Amino acid sequence: GAGVSQSPSNKVTEKGKDVELRCDPISGHTALYWYRQSLGQGLEFLIYFQGNSAPDKSGLPSDRFSAERTGGSVSTLTIQRTQQEDSAVYLCASSLGGGGASNEQFFGPGTRLTVL
Amino acid sequence: AQSVSQHNHHVILSEAASLELGCNYSYGGTVNLFWYVQYPGQHLQLLLKYFSGDPLVKGIKGFEAEFIKSKFSFNLRKPSVQWSDTAEYFCAVTLYSSASKIIFGSGTRLSIRP
């Protein structure tokens, strides 16, 4: 497709369950980013991939959060033992991966996660 | 650490009024600067961007922003707002030199009275 896609668009889960969120970046983009947007915290960075490796994981809020990227393309963000404070919109973005204009990030529509 | 400050949390204007939203960033190196907009119920969209060159940047829907390096500022402006500009606006910064995370400001909610 032409843009970044994310699935599912909405996810409702019960506290304590694990969830997986998927991101398909723009074809040819080597850099992939996860962010989340929540009422109390605004927009915050979670993790950044360059190819399949993650040079910056500094934004992951706890060890319940993990992410992987395979084949330099699709990425999955996994949240284990979900808590109500994990409720947020999870955004994925991709870029060409260099500096300057190559660092422009294109955002997907997000996955709205609700933990009951 | 890098940070972005948006001093106006909620701005209320009447249609046809002029708009200026403040944004200051904290970082000593060269940066890329962005303004994003999020309309009610919609996802994040890029409004305008600055990488280098002319510090006055024009974006979509009549918005513009001016990068003033000495003030570490990137204020957003529009000469005459419309009701459809009601949205939340986020200022953001990344490093210029390499791929890097976006640091977002806390956002400014703009409400336009028809």
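Basis of the calculations
- Residues numbered from 1 in each chain as written.
- Chains lettered and ligands numbered in written order.
- Predicted model: local features only at pLDDT ≥ 70, side-chain atom pairs only at ≥ 80, totals over all residues.
- Heavy atoms only, no water.
- Disulfide = S-S within 2.5 Å.
- Helix = DSSP H or I, 4+ residues; strand = E, 2+ residues; numbered from the N terminus.
- Buried < 20%, exposed > 50% of the residue type's maximum accessible area, 1.4 Å probe, protein only.
- Core = buried A, V, L, I, M, F, W, Y, C linked by side-chain atoms within 4.5 Å.
- Contact = heavy atoms within 4.5 Å.
- Buried area = accessible area lost by both parts, 1.4 Å probe.
- Salt bridge = Lys/Arg side-chain N within 4 Å of Asp/Glu carboxyl O.
- Polar contact = N/O pair within 3.5 Å; in protein donor to acceptor, adjacent residues only side chain to side chain.
- Nonpolar A, V, L, I, M, F, W, Y, C, P; charged D, E, K, R; others polar.

A. Region of the structure containing the state of the cysteines. Residue and element names in this part refer to chain B. Enumeration over the complete set of coordinates arrives at 2 disulfides over all chains. Two residues share a disulfide in this structure: Cys23 and Cys91, whose sulfurs sit 1.9 Å from each other. When the S-S torsion is -70°, as for the bridge of Cys23 with Cys91, the disulfide is left-handed. Placement of the pair is Cys23 in the loop between β3 (19-21) and β4 (24-26) and Cys91 in strand β10 (residues 87-95), with a sequence separation of 68 residues. The pair formed by Cys23 and Cys91 is uniform in burial state, with each residue classed as buried.

B. A look at unusual backbone geometry. In this structure, A:Pro8 follows A:Ser7 across a cis peptide bond, with omega equal to -10°. Tracing the sequence through the fold places A:Pro8 in the loop between β1 (5-7) and β2 (10-13). A positive phi is found at B:Ala16, a non-glycine position, where the angle reads about 80°. Along the polypeptide, B:Ala16 turns up in the loop between β2 (10-14) and β3. With phi around 60°, B:Lys61 is a residue other than glycine that occupies positive phi space. By the secondary structure assignment, B:Lys61 is in the loop between β7 (56-58) and β8 (64-68).

C. Broad picture of the nonpolar core. Residue and element names in this part refer to chain B. In this structure, Leu33, Trp35, Leu48, Phe74, Leu76 and Tyr89 are the most contacted members of the largest nonpolar core, which totals 29 residues. Among the elements of the structure, β2, β3, β5 (31-38), β6 (45-50), β8, β9 (73-78), β10 and β12 (108-113) are those that each provide at least two residues to this core. What Leu48 contacts, discounting residues up to four positions off in sequence, is Leu33, Phe34, Trp35, Val57, Lys58, Gly59, Phe63, Glu64, Ala65, Phe74 and Leu76.

D. Quick peek at the interface of chain B and chain A. The interface is formed by 20 residues belonging to chain B together with 21 residues belonging to chain A. Carbon and sulfur atoms supply 60% of the area that chain B and chain A bury against each other, a total of about 1600 Å² over both sides. It is B:Ala99, B:Lys101 and B:Phe104 in chain B that bury the most area against chain A; as a group they hold 32% of the surface buried on that side. The tally of links from chain B across to chain A stands at 2 salt bridges. Its salt-bridge partner being B:Lys101, residue A:Asp56 comes within 4.0 Å of it at the nearest N-O pair. The interface formed by chain B and chain A includes 12 residue pairs in polar contact (both at pLDDT 80 or more). Of all the secondary structure elements, the ones that give two or more residues to the side of chain B that touches chain A are β5, β6 and β10 of chain B. When residues of the side of chain B that touches chain A are assigned to their parent elements, the largest contribution, 4 residues, is made by β5(B). Each residue belonging to the side of chain B that touches chain A can be placed in one class, and the counts come to 11 nonpolar, 7 polar and 2 charged.

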